[in-house]
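Descriptive structure summary
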Amino acid sequence: MKNPAPAEFPIHELIANRWSPRAFGDKDVSPETLRSLFEAARWAPSSSNEQPWSFLVATRNDKENFAKALQPLVEFNVNWAKSAAVLGFAVSELAFAKNKAPNRNAQYDTGAAMALLSIEATARGLFVHQMAGFDPETAREVFNIPVGFDAIAAFAVGYPGDAATLPQPLRDRELAPRSRKPVRDFVMTGQWAQPAPFVSK
Ligand SMILES: Cc1cc2nc3c(=O)[nH]c(=O)nc-3n(C[C@H](O)[C@H](O)[C@H](O)COP(=O)(O)O)c2cc1C
């Protein structure tokens, strides 16, 4: 199912077509495609080229590790994410490897890597649904994540499915129009809350 963004201004179709569904299809994601998703993440920019991201990933065919990846998720997310082909966690290293100083952009850079992964996924007919609804300490225990690294977000990846397979409240959300704040609300010039002239109407 497609759910393109009703964009205010023209954008690339890959960005318009990226969205976060909860209904996923039965088709598995090949190892080759998975390699390309993480290759896309690899080429994200990062502060000092630190590349603070790591990913813990399980395909649903790997039953043991897929079950482990479901454990930290809140029940709301388990309900739909259990049907995805792939589950994962994006993890940030919180200090610079070279001098152990705090890296205040670690989460930011990890998000950039996830954004590129999501666009690569869209180009391949896949969708990524990220999740904050999980317990980071459970993730730490389940995956043995060391001190100095934090699980930032969980994510589900898969080919699109049928919204009719979702339970009712989720089905409505799946079919609801997508919405965003207008661009003029968050692009400013000169001082806070003054819309930039090129986005004021
Ligand atoms: C960091 C992050 C955390 C999110 N957490 C959840 C979550 O726990 N459960 C969920 O169903 N969706 C979650 N989402 C999906 C957002 O609700 C979704 O991205 C947002 O509504 C915009 O919709 P779109 O991605 O389809 O454009 C999360 C997205 C991000 C980026």
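Residues numbered from 1 in each chain as written. Predicted model: local features only at pLDDT ≥ 70, side-chain atom pairs only at ≥ 80, totals over all residues. Heavy atoms only, no water.

1. Describing the overall build of the protein
- Each helix and strand counted, the protein has seven helices and four strands in total.
- Ordered by position from N to C terminus, the α and β elements of the protein give α-α-β-α-α-β-α-β-α-β-α.
- Computed over C-alpha atoms, the radius of gyration of the protein comes to 18 Å, within 12% of the 17 Å expected from 2.2 N^0.38 for 201 residues, which places it in the range of a compact globule.
- Oriented by its inertia axes, the alpha-carbon framework of the protein measures out at about 55 × 50 × 30 Å.
- Looking at the protein as a whole, 39% of its 201 residues qualify as buried.
- A distance of 4 Å separates the average location of the 22 positive side-chain charges in the protein from that of its 21 negative side-chain charges. (Helix = DSSP H or I, 4+ residues; strand = E, 2+ residues; numbered from the N terminus. Rg over C-alpha atoms; globule rule 2.2 N^0.38 Å. Buried < 20%, exposed > 50% of the residue type's maximum accessible area, 1.4 Å probe, protein only. Lys, Arg positive; Asp, Glu negative; His and termini not counted. Charge placed at Lys NZ, Arg CZ, Asp CG, Glu CD.)

2. Observations concerning unusual backbone geometry
- Even without being glycine, asparagine 49 reaches a positive phi, approximately 50°.
- The exposed category is assigned to asparagine 49, whose relative accessible area is 51%.
- Backbone geometry places glutamine 51, a non-glycine residue, at a positive phi of 50°.
- Tracing the chain through its elements places glutamine 51 in the loop between helix 2 (31-42) and strand 1 (53-59).
- On the basis of relative accessible area, glutamine 51 is assigned to the partly exposed category, the value being 36%.

3. A word on the layout of surface pockets
- Its boundaries defined by the atoms lining it, the largest pocket holds a volume of some 420 Å³.
- Around the largest pocket sit 16 residues that line it, and Ala5, Ala7, Glu8, Ile11 and Arg180 are the ones nearest its centre.
- Along the lines of polarity and charge, the residues of the lining of the largest pocket split into ten nonpolar, one polar and five charged.
- By volume, the second largest pocket amounts to about 250 Å³.
- Around the second largest pocket sit 13 residues that line it, and Trp19, Ser20, Arg22, Arg173 and Arg178 are the ones nearest its centre.
- Its residues placed into classes, the lining of the second largest pocket shows three nonpolar, four polar and six charged. (1 Å grid on protein atoms, 1.4 Å probe; cavity = no way out; pocket = protein on both sides within 12 Å on 5 of 7 lines; lining within 4 Å. Points joined across faces, edges and corners; volume = space filled by probe spheres on them. Nonpolar A, V, L, I, M, F, W, Y, C, P; charged D, E, K, R; others polar.)

4. Examining the environment of glycine 125
- Assignment of secondary structure puts glycine 125 in the loop between helix 5 (106-123) and strand 3 (127-131).
- Taking relative accessible area as the criterion, glycine 125 reaches 31% and is therefore assigned partly exposed.
- It is 7.9 Å that separates the C-alpha atoms of glycine 125 and proline 160, two residues lying 35 residues apart in sequence.
- Among residues more than four places away in sequence, those in contact with glycine 125 are Tyr159 and Pro160. (Contact = heavy atoms within 4.5 Å.)

5. Details of the pattern of salt bridges
- In the structure shown here, the tally under the stated rule is five salt bridges.
- The salt bridge involving aspartate 28 is made with arginine 60; its shortest N-O contact spans 3.0 Å. Of this pair, aspartate 28 sits in the loop between helix 1 (13-17) and helix 2 while arginine 60 sits in the loop between strand 1 and helix 3 (63-70); the two residues are 32 residues apart in sequence, bridging distant segments of the chain.
- The residue arginine 42 makes a salt bridge to glutamate 39 at a minimum N-O spacing of 2.9 Å. You can see arginine 42 and its partner glutamate 39 sitting in helix 2, three residues apart, about one turn around the helix.
- Glutamate 39 gets classed as partly exposed once you look at its relative accessible area, which sits at 36%. (Salt bridge = Lys/Arg side-chain N within 4 Å of Asp/Glu carboxyl O.)

6. Quick notes on the packing of aromatic side chains
- The tally for this structure, following the rule as stated, stands at six aromatic pairs.
- Arranged with centres 5.3 Å apart and planes meeting at 55°, the rings of phenylalanine 89 and phenylalanine 143 form a pair that is tilted. Remark: phenylalanine 143 occurs in helix 6 (residues 136-143) and phenylalanine 89 occurs in strand 2 (residues 86-93); sequence separation between them is 54 residues. In this structure, phenylalanine 89 and phenylalanine 143 share a single accessibility class: buried.
- Here the aromatic residues Phe38, Phe55 and Phe155 are joined through ring pairs into a cluster of three or more.
- Note that lysine 27 overlies the ring of tyrosine 159, its terminal NZ or CZ placed 4.3 Å from the centroid.
- Across the ring face of phenylalanine 96, the terminal group of lysine 98 is positioned such that the distance to the ring centre comes to 5.0 Å. (Phe/Tyr/Trp six-rings, centres within 6.5 Å; stacked < 30°, edge-to-face > 60°. Lys NZ or Arg CZ within 6 Å of the ring centre and 35° of its normal.)

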